[in-house]
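# Architecture and fold: a report
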Amino acid sequence: PVMVLAMVLAGIGGGAYHPVANALISTLFRERMGRAFGFIGMGSCLGLFLGPLISGFIGQRFGWRTSCILFALTGLIIATVSAFTLSDEEKVLEKQEEAAVPWKSLAVVLLPVILTFGLRDFCLWGAIYLTPAMTQMRLGFSSQTAGALIALMSLTGLVSQPLSGAISDRIGYHRVIFILMVIGGLTVFLFPLTNEA
């Protein structure tokens, strides 16, 4: 029960980051929004690379409890430093006020987007969370090796994030999203069909 509660709270905290960060980035970088999100995404990929790599290393040698405690303390330190060093940006008032969009119209526009990315994340995170357990149970990987495998999956984002962001500024977001989701879907579909040998 404690583990489930901790994961729920972690999900709430992690989920709260994206609306705030995305709004801030899109406001600050209106002209090159794709490139800005790409470079910000590099930080996320670096964290997703180092996190499993380091936690697997610590967990293998000192146990998973030690790994959790060290990561929690690191997060608390970063949160405290951020609270005292970052300042809230004042909202920039635009010359022309944007017309308010009715909620019903907004829901109709956003519903397909929510469903699309919901299915994408269902597939993505399902594969990411299942892979370490599968490699340990079926292939006999250690915690450190399983962590390194997940880390390598995230490392490619250091290239793909800024690259896809820059390309989307040139050819359009819709095309890039479509192409990458097709490639990702085919990859995940083929993954379980590979030979274990």
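Structure's up top.
Let us look at the structure shown here. Predicted, not measured: the structure shown is a model, and the values here were computed from it. (Residues numbered from 1 in each chain as written. Predicted model: local features only at pLDDT ≥ 70, side-chain atom pairs only at ≥ 80, totals over all residues. Heavy atoms only, no water.)

### Digging into the side chain of Ser67
Following the sequence through the fold, Ser67 ends up in helix α3 (residues 64–85). In contact with Ser67, not counting residues within four places along its chain, are Ser55, Ile58 and Gly59. (Helix = DSSP H or I, 4+ residues; strand = E, 2+ residues; numbered from the N terminus. Contact = heavy atoms within 4.5 Å.)

### Digging into the side chain of Ser168
Assignment of secondary structure puts Ser168 in helix α6 (residues 157–171). Ignoring anything within four residues of it in the chain, the contact list for Ser168 reads Gly34, Tyr173 and Val176.

### Focus on the environment of Val176
Looking at the element boundaries, Val176 is found in helix α7 (residues 173–190). Judged by its relative accessible area of 10%, Val176 falls in the buried class. Counting along the chain gives 12 residues from Val176 to Ser164, while the straight-line C-alpha distance between them is 7.0 Å. With sequence-adjacent residues up to four places away left out, Val176 is seen in contact with Ser164, Ile167, Ser168 and Ile171. (Buried < 20%, exposed > 50% of the residue type's maximum accessible area, 1.4 Å probe, protein only.)

### Overview of a nonpolar patch on the surface
Judged by side-chain polarity, Leu46, Leu50, Leu53, Ile54, Ile69, Leu70, Phe71, Leu73 and Leu76 come together as a nonpolar surface patch covering roughly 760 Å² of accessible area. For the nonpolar patch, the element with the highest residue contribution is α3, accounting for 5 residues. (Patch = residues over 30% accessible without salt bridge, like charges linked within 9 Å, V, L, I, M, F, W, Y side chains within 5 Å. Areas by Shrake-Rupley, 256 points an atom, 1.4 Å probe, with all protein chains shown as cover. Salt bridge = Lys/Arg side-chain N within 4 Å of Asp/Glu carboxyl O.)

### So, the packing of helix α2 (residues 33–62) against helix α5 (residues 143–155)
The contact between α2 and α5 brings their axes to 8 Å, and the two run at 175°. Of the possible angle classes, the one that applies to α2 and α5 is roughly antiparallel. In contact with Cys45, Leu48, Phe49, Pro52, Leu53, Gly56, Phe57, Gln60 and Arg61 of α2, α5 contributes Ser143, Gln144, Gly147, Ala148, Ile150, Ala151, Leu152, Ser154 and Leu155. Partitioned by chemical class, the residues of the contact of α2 with α5 number 11 nonpolar, 6 polar and 1 charged. (Axes fitted to C-alpha atoms, helices over the stretch in contact; angles between N-to-C directions. Parallel < 35°, antiparallel > 145°, perpendicular 65-115°, else oblique. Nonpolar A, V, L, I, M, F, W, Y, C, P; charged D, E, K, R; others polar.)

Scope: geometric values only; no functional claims are made or implied.
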